[in-house]
Amino acid sequence: MMNSPTPELLDRVHRETATDMVRQLSNVEKASLCTGRTFWELQGVERFNLPSIWVTDGPHGLRKQQGDSDHIGLSDSVPAICFPTAVGLASSWNRGLLMAVGEALGQACVAEQVSVLLGPGVNIKRSPLCGRNFEYFSEDPYLSGEMGAAWVQGVQSEGVGASLKHYAANNQEGHRMVVDAVIDERTLREIYLPGFEITVRKAQPWTVMCSYNLLNGTYLAENHLLLTRILKEEWGHTGLIVSDWGACNDRVKGIAAGLELEMPGNGGIHTPAVLAALACGELSEAQLDAAAIRVVELILKSRPALERNATYDRDAHHLIARRAAEESCVLLKNAAGLLPLSKQENVAIIGALAATPRFQGSGSSQINPTQLDIPLEEIRNLLATDNPPPFAPGYSLTHDDIDQQLIEDALTLARDAGTVVLFAGLPDSYESEGFDRNHMRLPAAQLKLIEAVMRVTDRLVVVLQNGAPVEVPFLDQVGALLETYLGGQAGGSAVARVLFGEVNPSGKLAETFPLRLEDAACHDWFPGEPRQVQYREGLWVGYRFFDTSETPVAFPFGHGLSYTTFTYHQLRDAETDLPPEQVDSDQLGEWDGLTVKCDIENTGAVAGYEIAQLYIGADTHSVYRPRRELRDFVKVWLEPGQTHTVVFELGRRGFAYWDKDVHDWMVEAGDYRIGIGASSADLRLSCGLKVLSGTAATPPNPALQAYLEPGKRTFDTAAFTALLGQPIPKVNPTFPYHPNSTLGEIRGTFIGRKLHKLVLRSVKEMVPDEVDEKLDRILGAMLGEMPLRNLVMLSGGKFPPWLLTLCIHLMNGQYWHALKTLISRGKR
Ligand code: BGC
């Protein structure tokens, strides 16, 4: 029997075939291949029998649009299983689960003839306010990368591709299309890139999607450093880079920088510029060929799955979604073992979100679920009694006003109940792709309701549905607090099972819940100015800041309770079985070489998962460093009384920092501390470790004093300049206007107002008659923040490039240039 070819051999064959095909194409054909055919399809090449393949949004389900297309969740898509969003999945800390979800998504892609699923998003949650935090995994790069890699491996095991996004430094929605993220090299390497790096190195996503924004002055879509030097050359990415939808600024520079595919299709508006660049030598034919080859390779890789006539089992996938939702639940507080509830309990259910759950986020990831489990119904089904728990909405989901009558009705139920389960959370209009949140509070009407209910019962369970942290001013007075995030289509049954003990919750926070929004170190610098955001806080993101500066939080990173208890014993070197004492960093691999282990015992009465986390901190160091950083984690299932030995793997990178002067990872010799425990703030075992070899620690740079004392938050201009190693770039003025001026910026001009109206009219054709608050905010941001160049791209030829140039000259009062543009229009 013949062995099937190895992936490496297949890749080689694809590369050779693609190279051969591209050699036979004209330059026009090559340029055209490097741009999509439609909103969701790539170009094929008929004479080579290369199909035009589909890519589709996700990531927590398929958003395959067969009718109208859009990238903000307006038009319908085929029914698909809706899994919990990334923040929930990451709270599972379960690589195997992420892989299973990925496999299910991959199977759905194959069944729907989709070749690439656009996800996962591994951007770091710099601020709790980023509108898209629900779609990202964590504030920690290691956890993000591990989750991203497992997800990609799962999807790609089915013969379809993933698209790792949004590369990079896309940590806010505000002005995401034009904002320049100013980040120092060390912070970029230690915080904002490793999630991508780990996913690329471990899982080789077929595609990586570059983000809209600029990084240190250059659009990601034409950023040679990020796309070619780091992604392709350093990390060895062999797949293709695709632009986010409409992220292409200068197509020629993009190809030269390594951006192979531009999406969505735009009728080839950039082909003339590409040909002209070839003619004058600005772009070489080899550069265009390299791009076209990667596009053909992607199509070749996709072909076998398209030829499979597959379906998938919706019921089985619904159960995977339910398991994922269960493992996404984080039990934040459980005073006096209030949870789990007994099925005999006299329970009242309060909160509109129990009957109309928020189960996914808004925007391009919004999918059309095959079914939806409603928490209220699922609780009633689970209890199966003749006396189902009564329900009162308590607040409205369509407006924020406090409705006293709704509160009174809820109180009537609460007074009669033994226990109240109150569902609260963020409505759609609070968080979405397209805009950031303004604050971290729950809606006022919900807070009022919680306050009122707290006064009539001392057995109150609050269940949260939200995509990012919220302030919990009521924490001290509630008995239990269960974070369910956005649980997907099976979130309703999952929460019912957790509340009543059919499932023991095991999730742990993949992000910190600050006490107050102002406590986050980036607070004064988020989201920055429309055209520039300075990442002044440097490495002080999430727990790295709270922990090091000893700023109290509501819930620390990695926190999550269980219905059982776990004890940790004996931290030791996995090889010698003795406490680890020293390690020679020269003997370590990048990611492996040192293994440590400990025993975990389930000391409670029920079986459950524990997520054990390993953190490393440096005691001696010449650069500023967080007190501790997550370097590995293990999730283990334990029956009551059972003990299991868990093993952690560490390499050089566990001890390293990025040295901006040598542009490389460095390990300093000296004393480090390993801590293992149940959260970043609950380390149960720890030991010192001497690292030998490596560089010698020197006195810290006094210019960076502000970063050594993060609690003072004096990240002023002088400190940030020192961190950047160069002056902070000046923000470009809004005038004179240019193709990257936004519709908002030109609104003061006559032409600007006309263009705004025109775009509004065409968008209105796509939206329902009744625009709700969420859609209103998305559209407002979309229109105001859209760069003018995208008018050309989205117009399908009705607004050609010369017309844009003409409008810009007119708005700038450059009438002579305007006349010349008019005369020579369409000639290039
Ligand atoms: C989003 C991407 C998405 C794309 C296509 C963009 O606006 O940022 O995440 O994949 O649209 O819908």
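Because the structure is predicted, anything quoted here is derived from the model rather than measured.

Caption draft 1: The overall build of the protein, seen in detail. When helices and strands are counted, the protein shows 25 helices and 29 strands. Computed over its C-alpha atoms, the radius of gyration of the protein comes to 27 Å, within 12% of the 28 Å expected for a compact globule of 828 residues. By its C-alpha atoms, the protein is 80 × 70 × 70 Å across when sized along the principal axes. Taking the intrachain contacts of the protein between residues at least 6 apart in sequence as the baseline, contacts between residues at least 24 apart amount to 77%. Counting only carbon and sulfur atoms, one obtains 51% of the accessible surface of the protein, whose full area is about 30,800 Å². When the 75 positive and 101 negative side-chain charges of the protein are each reduced to one mean point, those points stand 5 Å apart.

Caption draft 2: Main features of the site of the ligand. Inspection of the region around the ligand gives 15 residues, with Asp57, Arg132, His166, Tyr212 and Asp244 positioned closest. One of the side-chain N or O atoms of His166 is found 2.7 Å from an oxygen atom in the ligand. The residue inventory of the shell around the ligand, partitioned by class, reads 5 nonpolar, 3 polar and 7 charged.

Caption draft 3: View of the packing of helix H24 (residues 801–811) against helix H25 (residues 815–823). Look at H24 against H25: their axes get within 8 Å of each other, and the N-to-C directions meet at 165°. Between H24 and H25, the angle is such that the two are roughly antiparallel. Once H24 is placed against H25, the crossing between them reads as left-handed. Counting all contacts with H24, which are made through Trp802, Thr805, Leu806, His809 and Leu810, the residues of H25 involved are Tyr815, His817, Ala818, Thr821 and Leu822. Broken down by class, the residue content of the contact of H24 with H25 amounts to 6 nonpolar, 4 polar and no charged.

Caption draft 4: Structural detail: the nonpolar core. Ranked by internal contacts, the top residues of the largest apolar core, which has 102 residues, are Trp151, Tyr167, Leu630 and Tyr707. For Tyr707, the residues in contact, after removing those within four places along its chain, are Arg536, Glu537, Gly538, Trp540, Tyr624, Phe715, Ala719, Phe720 and Leu723.

Caption draft 5: Seen up close, the domain arrangement of the protein. When the domains of the protein are assigned, the result is domain 1 (7–306), domain 2 (314–511), domain 3 (564–698) and domain 4 (750–826). Placing a centre on the C-alpha atoms of domain 1 and another on those of domain 2 gives a separation of 35 Å. Across the domain 1/domain 2 interface, buried area totals approximately 3,600 Å², and carbon plus sulfur atoms make up 58% of it. For domain 1, the biggest contributors to the area lost against domain 2 are Ile81, Cys82 and Leu129; these three give 17% of the whole.

Caption draft 6: Seen up close, the environment of Asp584. Locating Asp584 in the fold gives a position in strand S21 (residues 582–584). On a C-alpha basis, the gap between Asp584 and Val691 in space is 5.8 Å, while along the polypeptide they are 107 residues apart. Setting aside anything within four residues of it in sequence, one finds Asp584 in contact with Leu692 and Ser693. Polar side-chain contacts of Asp584 include one of 2.5 Å to the side chain of Ser693.

Caption draft 7: Looking closely at the side chain of Thr35. Relative to the helices and strands, Thr35 is located in the loop between helix H2 (27–33) and strand S1 (55–57). You can call Thr35 buried: its relative accessible area is 5%. In terms of polar contacts, Thr35 uses its side chain to reach the side chain of Glu262, at 3.4 Å. Every residue in contact with Thr35, bar those within four places of it in the chain, is listed here: Gln43, Arg251, Leu261, Glu262, Pro264, Gly265 and Asn266.

Caption draft 8: Region of the structure containing unusual backbone geometry. Cis geometry is adopted by the peptide bond preceding Pro120, which originates at Gly119 and carries an omega value of 5°. Counting through the fold element by element, Pro120 comes out in the loop between strand S3 (116–118) and helix H5 (141–156). Cis peptide bonds are those with omega within 30 degrees of zero, and the linkage from Leu339 to Pro340 qualifies with 0°. The phi angle at Glu550 is positive, at roughly 55°, despite the residue not being glycine. Look at Glu550 and you get exposed, because its relative accessible area is 58%. One non-glycine residue with positive phi stands out, namely Gln570, at about 55°. Residue placement: Gln570 occurs in strand S20 (residues 566–573). Owing to a relative accessible area of 51%, Gln570 belongs among the exposed residues under this scheme.

Caption draft 9: Fine view of the sheet that holds strand S23 (residues 608–618). Strand order in the open sheet formed by 5 strands is S21-S29-S28-S23-S24, with mixed pairing between adjacent strands. Each having just a single partner strand, S21 and strand S24 (629–638) make up the two edges of the open sheet. Between one strand and the next, the sheet's axes are offset by a mean angle of 25°, whatever the strand orientation. Sheet analysis places strand S28 (residues 670–679) next to strand S29 (residues 682–692), joined by 9 bridges and oriented antiparallel. What sits directly across from Gly677, in S29, is Leu683.

Caption draft 10: The arrangement of helix H15 (residues 404–416) in detail. Here H15 is 13 residues long and its end C-alpha atoms lie 19 Å apart, about the 18 Å a rise of 1.5 Å per residue gives. Listing the buried residues of H15 in full gives Leu406, Ile407, Ala410, Leu411 and Ala414. Looking down the long axis of H15, one finds its buried residues gathered within 135° of arc, a one-sided arrangement. In H15, the exposed residues that point more than 90 degrees away from the buried face are Gln405 and Asp416. Capping of H15 at its N-terminal end is provided by Asp403; its side-chain oxygen lies 3.0 Å from the backbone amide nitrogen of Gln405.

Analysis parameters
- Residues numbered from 1 in each chain as written.
- Predicted model: local features only at pLDDT ≥ 70, side-chain atom pairs only at ≥ 80, totals over all residues.
- Heavy atoms only, no water.
- Helix = DSSP H or I, 4+ residues; strand = E, 2+ residues; numbered from the N terminus.
- Rg over C-alpha atoms; globule rule 2.2 N^0.38 Å.
- Contact = heavy atoms within 4.5 Å.
- Areas by Shrake-Rupley, 256 points an atom, 1.4 Å probe, with all protein chains shown as cover.
- Lys, Arg positive; Asp, Glu negative; His and termini not counted.
- Charge placed at Lys NZ, Arg CZ, Asp CG, Glu CD.
- Near = heavy atom within 4 Å.
- Polar contact = N/O pair within 3.5 Å; in protein donor to acceptor, adjacent residues only side chain to side chain.
- Nonpolar A, V, L, I, M, F, W, Y, C, P; charged D, E, K, R; others polar.
- Axes fitted to C-alpha atoms, helices over the stretch in contact; angles between N-to-C directions.
- Parallel < 35°, antiparallel > 145°, perpendicular 65-115°, else oblique.
- Left-handed = near helix turned anticlockwise from the far one by under 90°.
- Core = buried A, V, L, I, M, F, W, Y, C linked by side-chain atoms within 4.5 Å.
- Buried < 20%, exposed > 50% of the residue type's maximum accessible area, 1.4 Å probe, protein only.
- Domains from an automatic or database assignment.
- Buried area = accessible area lost by both parts, 1.4 Å probe.
- Pairing = 2+ DSSP bridges.
- Expected span 1.5 Å × (residues − 1).
- Arc of directions from axis to C-beta.

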